[in-house]
Structure formats: structure tokens, C-alpha cells
Amino acid sequence: MRRLMLLLAVGVVAGCQSPMPTPDPKMAWVEFSTPFPNDKLLMAERLDKQRLVDGRFFEVMPGSHELIVRFDFEVPGGGGLNMMGGPSERICYLTINFDHFEAGQRYVLEGRSIAFTPEARLYNAKREIVAEDRESYCLM
């Protein structure tokens, strides 16, 4: 049993430390950013309604795509009747549509939160906003 737990722990750590793949020049590359300290996790969930294996990035064909990301962030208070409690974590799913992905271009999808409200913006290489989330769904 101990050996099984050790193997599982090593597998998890190795998976987290695997290097990012080299971007394909025929595809567009989308990486993530969470600039604020209360923003905990931003990861790829679905590309065009298909679940992704590696949530660290999107690599898409040129053209139009729907991106769904998971965004975890802290909110003040405990929520509900316990608003004076410590911070709690909120888990949200955000949908971003963009019609003009270009091959060989790098984009940054930035997740940020203000209190209980999540938002995501997609930036091109010139740091221009090219898309924003159009829909969000939060579990907590």
C-alpha cells in the first residue's frame, strides 16, 4: 500500500513538471495569466466543446474557436450567512469566443476577479484586447 501511494505521488509530481510542448507554427498558441494574488488557477477545460488533456494552454487551428477555461479565485468572507469568515475559493467556468485566430501567433488569456465577479480577456501579441468572456458559470 505504501509503495502504491509513493508511486501515485511521484506520478502526480512528474505530471506537473512536464515541459510545455513547442508551439506548432501552423497553429495559434494561447497561454494563461493571472495577474492578481487572489487569482489561484486558470486552466483550459474545453476547445470547441471537446475536453482537453493538458489544461496548461490552448493550441488552435487558425479561424474561429470557443474556449472554455476553469478559473479559481479567492473571495472575501465565507459567503452566505457567514460573511465575516475568512476567504473562500470560488470555482468558475468562463467561455470566450474569438473568430480570428492566426497561425503562428501567440495570445494571452488573462483571468482576473473583482470580489465575486470573474472575467477573462484574450490579448494578441500587441497586448490589444481581441475578445472577452461572454458567459460565466460559477459553482461556489
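Analysis parameters
Residues numbered from 1 in each chain as written. Predicted model: local features only at pLDDT ≥ 70, side-chain atom pairs only at ≥ 80, totals over all residues. Heavy atoms only, no water. Pairing = 2+ DSSP bridges. Helix = DSSP H or I, 4+ residues; strand = E, 2+ residues; numbered from the N terminus. Core = buried A, V, L, I, M, F, W, Y, C linked by side-chain atoms within 4.5 Å. Buried < 20%, exposed > 50% of the residue type's maximum accessible area, 1.4 Å probe, protein only. Contact = heavy atoms within 4.5 Å. Salt bridge = Lys/Arg side-chain N within 4 Å of Asp/Glu carboxyl O.

A. Expanded view of the pairing of strand 9 (residues 129-138). Pairing geometry for strand 6 (residues 88-101) and strand 9, over 5 bridges, is antiparallel. Among the inter-strand pairings, Thr95 is bridged to a residue of strand 9, identified as Glu135. With 3 bridges connecting them, strand 8 (residues 117-123) and strand 9 associate as antiparallel partners. Of the residues in strand 9, the one forming a bridge with Leu122 is Ala131. Taking the residues that link successive antiparallel strands as the turn, the strand 8-strand 9 hairpin has 5 residues, and the phi of Arg127 there is positive, at about 65°.

B. Just the nonpolar core, in detail. Core analysis: the biggest nonpolar cluster contains 23 residues, and Phe58, Val69, Phe101, Leu109 and Leu122 have the highest contact counts within it. Elements with a minimum of two residues in this core: strand 1 (28-33), strand 2 (39-47), strand 4 (58-60), strand 5 (63-75), strand 6, strand 7 (106-114) and strand 8. Not counting residues within four places of it along the chain, the set of residues in contact with Phe101 comprises Ala28, Val30, Val60, Met61, Pro62, Gly63, His65, Leu67, Tyr107 and Leu122.

C. How the structure looks around the pattern of salt bridges. In the structure shown here, the tally under the stated rule is 12 salt bridges. Residue Arg121 is joined to Glu119 by a salt bridge in which the shortest nitrogen-to-oxygen separation is 3.6 Å. Under the relative-accessibility criterion, Glu119 is labelled partly exposed at 22%. One salt bridge connects Arg134 with Glu135, and the closest N-O pair in it is separated by 3.0 Å.

D. Local environment of the environment of Ser136. Along the polypeptide, Ser136 turns up in strand 9. Counting along the chain gives 65 residues from Ser136 to Phe71, while the straight-line C-alpha distance between them is 9.8 Å. Apart from the residues lying within four places of it in its own chain, the contact partners of Ser136 are Tyr93, Leu94 and Pro118.

E. Spatial organisation of the sheet that holds strand 1. Overall, mixed pairing links the 9 strands, which are arranged 3-2-5-6-9-8-7-1-4 in an open sheet. Each edge of the open sheet is held by one strand with a lone partner, namely strand 3 (50-51) and strand 4. The pairing of strand 7 with strand 8 spans 7 bridges and is antiparallel. Within the sheet, the bridge partner assigned to Leu109 lies in strand 8 and is Leu122.

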